[in-house]
Structures are given as C-alpha cells and as structure tokens.
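# Geometric and topological summary
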Amino acid sequence: MNQPNSQPINHLAQLDDNQLVAIATTGCQQAFEQLYRRHHQRVYAICFRLSGQSSLADDMTQACFIRLWKKLAQFNGDSQFTTWLHRLCVRQAINDLKAQQSLWRRFLPAEDVAHQDVPSVELTDHHLLDKCIARLPQRTRIVFVLCAIEGYQHNEIAALLNIAVGTSKAQYHNAKHLLQEMLA
C-alpha cells in the first residue's frame, strides 16, 4: 500500500536525484530510500576513509543519512545533489570524529587518547591503499583524504577542521611520507 504523495517504487528508480529530493521533501520515505540506495556506498566510503574504522564508518553513515533527511528541504538545486550531499557528509563525519575524540578525552588519560588515533582495522575487502590510509593518525588521515581523495584545497580543509593552512599542508606532507613508508 502506498503512502500519500508516494510514487510506485519502480517508477521512483527511474527518476533523477532532484526529482527524488522534491518527492522526498513531501515526506515520501520510498523516494528517500531510493536516494539512500543510490548514494550509501559513496557516503560509507567517505566515512570509512575519514574514520579508518568500519564500525565507526557504519555509525557515521547512518548519522549522515539522518542529517540528510532533516536537511533535505534545504537543497535548492543550485549545485548537483551529489555535490551537496558530499559536503553535508564530510561535515557530519568530521563533527562525529570531533565528538568521539571529545568523549574519549573525558574518560581516558591523555596517553590513552593518543592511541585512539591509530585504529584497529579489519583488513578484509579493502584496497591496499585504503588499508594504509586507515592506519594513519586521525588528523593526518582526515587531511589526506580530504585533499588527495576528495579534492579539497588546503584553505577549505583548514576552515573545516579549524586549523591553519600550514598545518593542513604539513599533515598532508606527513601523510604522503607515512604512506610511502607503508607501501615500500
């Protein structure tokens, strides 16, 4: 049985993202589900690369789609939906990482928090480079992923992470050096 304002599911699969957004903003969960099906793997990949942990990436992906549902009406079509979604997810993932780090700082001594930056990674089904990226320290990994993989400029990264542009460049250089050592 269809909800009011919903389209048959097979029809929704044929619509583009902007059409699905317009329908989903009326409360149609099937349209939102189509958006989820189209984009969840990309969102998960962003979250995994930023967090370095599959379980954390799962949680962050869920948080991204919850935020997307809440913010969907704010998409005005000035950019491609995928670009808007990407920025929303990067911001959400970074906020989640900051919140997690803040939480651990309250309960663990400082030396234990430093060890949280090196995640334990399940080494299955991921490309070798992703495995190495996951082993980078958290801040270094985030800067590297944003710059090298997601295409952000250092000034954008600095603004997102509330760091100096020089710090972003230094973290990126450090990441490249560490990755070269790991891959050698």
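Heads up: these notes are all about the structure in this document.

Cut-offs applied
- Residues numbered from 1 in each chain as written.
- Predicted model: local features only at pLDDT ≥ 70, side-chain atom pairs only at ≥ 80, totals over all residues.
- Heavy atoms only, no water.
- Core = buried A, V, L, I, M, F, W, Y, C linked by side-chain atoms within 4.5 Å.
- Buried < 20%, exposed > 50% of the residue type's maximum accessible area, 1.4 Å probe, protein only.
- Helix = DSSP H or I, 4+ residues; strand = E, 2+ residues; numbered from the N terminus.
- Contact = heavy atoms within 4.5 Å.
- Axes fitted to C-alpha atoms, helices over the stretch in contact; angles between N-to-C directions.
- Parallel < 35°, antiparallel > 145°, perpendicular 65-115°, else oblique.
- Left-handed = near helix turned anticlockwise from the far one by under 90°.
- Nonpolar A, V, L, I, M, F, W, Y, C, P; charged D, E, K, R; others polar.
- Phe/Tyr/Trp six-rings, centres within 6.5 Å; stacked < 30°, edge-to-face > 60°.
- Expected span 1.5 Å × (residues − 1).
- Arc of directions from axis to C-beta.
- Patch = residues over 30% accessible without salt bridge, like charges linked within 9 Å, V, L, I, M, F, W, Y side chains within 5 Å.
- Areas by Shrake-Rupley, 256 points an atom, 1.4 Å probe, with all protein chains shown as cover.
- Salt bridge = Lys/Arg side-chain N within 4 Å of Asp/Glu carboxyl O.

## Here we look at the nonpolar core
Of all hydrophobic cores here, the largest spans 49 residues; its most connected members are Leu50, Leu68, Leu72, Phe81 and Leu146. Those elements that provide at least two residues to this core are α2 (17–24), α3 (29–51), α4 (54–71), α5 (81–107), α7 (128–135), α8 (138–149), α9 (154–161) and α10 (165–183). Beyond its immediate chain neighbours, meaning those up to four positions away, Leu50 contacts Ala93, Leu97, Arg141, Ile142, Val145 and Leu146.

## Thoughts on the packing of α7 against α10
Describing two packed helices takes the angle between their axes plus the distance from one axis to the other. α10 packs onto α7 with a crossing angle of 125° between their chain directions and a minimal axis gap of 10 Å. Regarding the angle of α7 to α10, the classification is oblique. In this structure, α7 meets α10 at a crossing whose hand is right-handed. For the pair α7 and α10, the contacting residues are Leu128, Leu129, Cys132, Ile133 and Arg135 in the first and Leu179, Met182 and Leu183 in the second. By residue class, the composition of the contact of α7 with α10 is seven nonpolar, no polar and one charged.

## Structural notes on the packing of aromatic side chains
All chains considered together, the criterion is met by eight aromatic pairs. A centroid spacing of 5.8 Å and a plane angle of 15° characterise the contact between Phe144 and Tyr172, whose relative ring orientation is stacked. Of the two residues, Phe144 sits in helix α8 while Tyr172 sits in helix α10, which places them 28 residues apart along the sequence. Ring pairs connect the aromatic residues Phe32, Tyr36, Phe65 and Trp69, which therefore count as one cluster.

## Describing α10
A rise of 1.5 Å per residue sets the reference length of α10, with its 19 residues, at 27 Å; its end C-alpha atoms lie 27 Å apart and thus fit the reference within 8%. Among the residues of α10, those classed as buried are Ser168, Gln171, Tyr172, Ala175 and Leu179. An end-on view of α10 places all buried positions within 100° of arc, on one side of the element. Exposed side of α10, more than 90 degrees from the buried face: His173 and Gln180 are the residues found there. Contacts from the buried residues of α10 go to α7, α8 and α9.

## Notes on a nonpolar patch on the surface
Together, Leu128, Leu129, Met182 and Leu183 give the surface a local cluster of nonpolar side chains, amounting to about 330 Å² of exposed area. Listed by contribution, the elements that provide at least two residues to the nonpolar patch are α7 and α10. By secondary structure assignment, the location of Leu183 is in helix α10. According to the relative accessible area criterion, Leu183 is partly exposed, its value standing at 46%.

## A few points about the pattern of salt bridges
This structure, assessed with the given rule, holds four salt bridges. When the shortest N-O distance is used, the salt bridge between Arg38 and Asp17 registers 2.9 Å. You can see Arg38 sitting in helix α3 and its partner Asp17 sitting in helix α2, a full 21 residues away along the chain. Taking relative accessible area as the criterion, Arg38 reaches 32% and is therefore assigned partly exposed. Note that Arg42 and Glu150 form a salt bridge whose closest N and O atoms lie 3.0 Å from each other.

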